[in-house]
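Commentary on secondary and tertiary structure
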Amino acid sequence: MVETLGVAVVGFGWMGRVHTQAYARLTHHYPLLSPRPELVAVAEEVPGRAEEAARQFGFASATRDWREVAADPRVRAVSVTAPNFLHREIGVAMAEAGKHLWIEKPVGLTADDARAVADAVTKAGVQGAVGFNYRNAPAVERARELIAAGEIGTVTHARFRLFSDYAAHPEGALTWRYERARGGSGVLGDLASHGADLARFLLGDIAAVTADTAVFVPERARPSGATAGHTRAGGGEPGPVENEDYVSCLLRFASGARGVLEACRVSVGEQNNYGFEVHGTKGAVFWDFRRMNELGVSRGTAYQDQPVSTVYVGPGDGEFGAFQPGAANAMGYDDLKVIEAYRFVRSIAEGVPYGATLTDAVRSAAVLEAVTRSARSGSWVSPAPA
């Protein structure tokens, strides 16, 4: 008899749907995985949304109160995909209830929030995973291996970019994302958190930062009802945007390498332009999320006029082989969340963490808080210890 794992999803916007679909696809890509996720419960406070999710995806029960999920003995693991300001309360409560936790980034509004959830997970002896999905791309994992093996020499400098236009329209609704009390640090938590994680994943700890931030769309219209995604609300009552549209920062890594991290949510003409360039003393690696399955690699002994080769990832890279049989067959964004779900369930099965953990979330949050302090002071700031 196949062992099952009762799972629940708390918060059913777009990301809640992505998590649900990832659970449902696990047995297709990892047929030997045990235990197998079983969709037990979904919680969403917007009236009717949880019931619709249950009808569409087959959850056994639906509720508007996430506390019912915490108390449900059928649920052994929970995905928390609710708005940022709820992450700490829900995450701590689920861990204290003995539930394994897959929680989206940023884990709360502050590094203290992330530490509180991490501490609760540790104390409860449950597994905790965090939604830093871009590190799961097979090309990113191959880049990490190349860098670690010294294929590009000693890393000298790198650039990480995360540009998007999801908030570029001036009629974008003033949702919780733009409020300091509910959305936290704006584009820092939304996009730069991924950049900080990728930087650490590839190059190690960040020792110090100096940064600048800006708000380019200072006012938006309040929505008249429930929202999902990036809804427009032209004509509504205007209100102030309280958190950052843009951030740029210089990085000093513990290794001695230097870096640049830049993120913006109002970049007209940019759709998910995420990626990095890492330069070393003998070569470089380049990755663009929009060409997720390719890696630009320059290595050799020419130094000057050294060419860049396009490498297509294949079954030997990361988890690529669970999705495609040969190199240059494309994977997509949702596949990265399936990998994340697989590593979460594997962590539960083996009692050993795989993939991004709550410790990674704390370290990313500490970097972002250092960025915020630097933007206010205009000086170099070191992130607090994890």
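Look a little higher up for the structure.
Before going into details, it helps to say that this report is about the structure given with it. What you are looking at is a predicted structure, and each value in this text was computed from that prediction instead of being measured.

1. Some details on the overall build of the protein
The helix and strand inventory of the protein stands at ten helices and 16 strands. Its C-alpha atoms give the protein a radius of gyration of 21 Å, near enough to 21 Å, the size a compact globule of 386 residues would have. Along the three orthogonal principal directions, the C-alpha set of the protein runs to about 60 × 55 × 40 Å. The proportion of buried residues among the 386 residues of the protein is 56%. Accessible surface for the protein amounts to roughly 16100 Å². Of this, 48% is attributable to carbon and sulfur atoms. Averaging the coordinates of the 39 positive side-chain charges in the protein and doing the same for the 44 negative ones gives two points 2 Å apart.

2. Quick notes on the environment of Ile-206
For Ile-206, the location among the structural elements is in strand β8 (residues 206-214). Taking relative accessible area as the criterion, Ile-206 reaches 9% and is therefore assigned buried. Residues Ile-206 and Glu-45 lie 161 residues apart in sequence; the distance between their C-alpha atoms is 38 Å. If we skip the residues at most four places from it in the chain, Ile-206 touches Ala-196, Ala-199, Arg-200, Leu-251, Arg-252, Phe-253, Val-367 and Pro-383.

3. Focus on helix α5 (residues 111-124)
The first and last C-alpha atoms of α5 sit 20 Å apart over 14 residues, in line with the 20 Å expected at 1.5 Å per residue. Taken together, the buried positions of α5 are Ala-111, Asp-113, Ala-114, Arg-115, Ala-116, Val-117, Ala-118, Ala-120 and Val-121. At its buried positions, α5 is contacted by α4 (87-96), β5 (100-103), β6 (128-130) and α10 (358-377). The opening residue of α5 is Thr-110, an N-cap whose side-chain oxygen sits 3.3 Å from the backbone nitrogen of Asp-112.

4. Quick notes on the sheet that holds β6
Across the sheet, which stays open at both edges, the six strands sit in the order β3-β2-β1-β4-β5-β6 with parallel pairing between neighbours. With one partner strand each, in any of the chains shown, β3 (61-63) and β6 form the two edges of the open sheet. On average, adjacent strands in this sheet sit at an angle of 25 degrees to one another, irrespective of strand direction. Inspection of the sheet shows strand β1 (residues 4-10) paired to strand β4 (residues 77-80) by four bridges, in the parallel sense. Bridge assignment links Val-10 to a residue of β4, and that residue is Val-80. On the sheet, helix α1 (residues 14-29) packs against β1, β2 (36-43), β4 and β5 and is oriented at approximately 160 degrees with respect to β2.

5. A few points about the nonpolar core
Formed by 91 residues in total, the largest nonpolar core has its most connected members in Phe-160, Leu-202, Leu-203, Phe-276, Val-278, Val-285 and Trp-287. It is helix α8 (residues 187-203) that contributes the most residues to this core, ten residues altogether. Counting 35 residues, the second-largest nonpolar core is a separate cluster that includes Val-107, Val-117, Val-121 and Leu-358.

6. A few points about the packing of α4 against α5
Where α4 meets α5, the axes come as close as 8 Å, and the angle between the chain directions of the two elements is 5 degrees. Here α4 lies roughly parallel to α5, going by the angle between them. Note on element contacts: α5 touches α4 through Asp-112, Asp-113, Ala-116, Val-117, Ala-120, Val-121 and Ala-124, opposite His-87, Arg-88, Gly-91, Val-92 and Ala-95. For the contact of α4 with α5, the residue count by class is seven nonpolar, two polar and three charged.

7. Comments concerning the packing of aromatic side chains
Under the counting rule described, the total for this entry stands at 16 aromatic pairs. On the basis of an interplanar angle of 90 degrees and a centroid distance of 5.4 Å, the ring pair of Tyr-23 and Trp-102 is categorised as edge-to-face. Linking Tyr-23 in helix α1 with Trp-102 in strand β5, this pair joins segments that are 79 residues apart in sequence. Taking relative accessible area as the criterion, Tyr-23 reaches 3% and is therefore assigned buried.

8. Regarding the environment of Thr-372
Mapped onto the elements, Thr-372 comes out in helix α10. Placed 160 residues apart in sequence, Thr-372 and Asp-212 show a C-alpha to C-alpha distance of 8.2 Å.

9. Quick notes on unusual backbone geometry
With omega at 0 degrees, the peptide bond leading from Ser-34 into Pro-35 counts as cis. Cis peptide bonds are those with omega within 30 degrees of zero, and the linkage from Lys-105 to Pro-106 qualifies with -15 degrees. With a phi close to 55 degrees, Asn-272 is a non-glycine residue in the positive phi region. Mapping Asn-272 onto the fold places it in the loop between β12 (258-264) and β13 (273-280). We classify Asn-272 as partly exposed; its relative accessible area is 35%. Even without glycine at this site, Ala-328 takes up a positive phi of about 75 degrees. Relative to the assigned elements, Ala-328 resides in the loop between β16 (309-312) and α9 (333-350). Assessed through its relative accessible area of 49%, Ala-328 is described here as partly exposed.

Here is what the cut-offs are and how they apply
Residues numbered from 1 in each chain as written. Predicted model: local features only at pLDDT ≥ 70, side-chain atom pairs only at ≥ 80, totals over all residues. Heavy atoms only, no water. Helix = DSSP H or I, 4+ residues; strand = E, 2+ residues; numbered from the N terminus. Rg over C-alpha atoms; globule rule 2.2 N^0.38 Å. Buried < 20%, exposed > 50% of the residue type's maximum accessible area, 1.4 Å probe, protein only. Areas by Shrake-Rupley, 256 points an atom, 1.4 Å probe, with all protein chains shown as cover. Lys, Arg positive; Asp, Glu negative; His and termini not counted. Charge placed at Lys NZ, Arg CZ, Asp CG, Glu CD. Contact = heavy atoms within 4.5 Å. Expected span 1.5 Å × (residues − 1). Polar contact = N/O pair within 3.5 Å; in protein donor to acceptor, adjacent residues only side chain to side chain. Pairing = 2+ DSSP bridges. Axes fitted to C-alpha atoms, helices over the stretch in contact; angles between N-to-C directions. Core = buried A, V, L, I, M, F, W, Y, C linked by side-chain atoms within 4.5 Å. Parallel < 35°, antiparallel > 145°, perpendicular 65-115°, else oblique. Nonpolar A, V, L, I, M, F, W, Y, C, P; charged D, E, K, R; others polar. Phe/Tyr/Trp six-rings, centres within 6.5 Å; stacked < 30°, edge-to-face > 60°.

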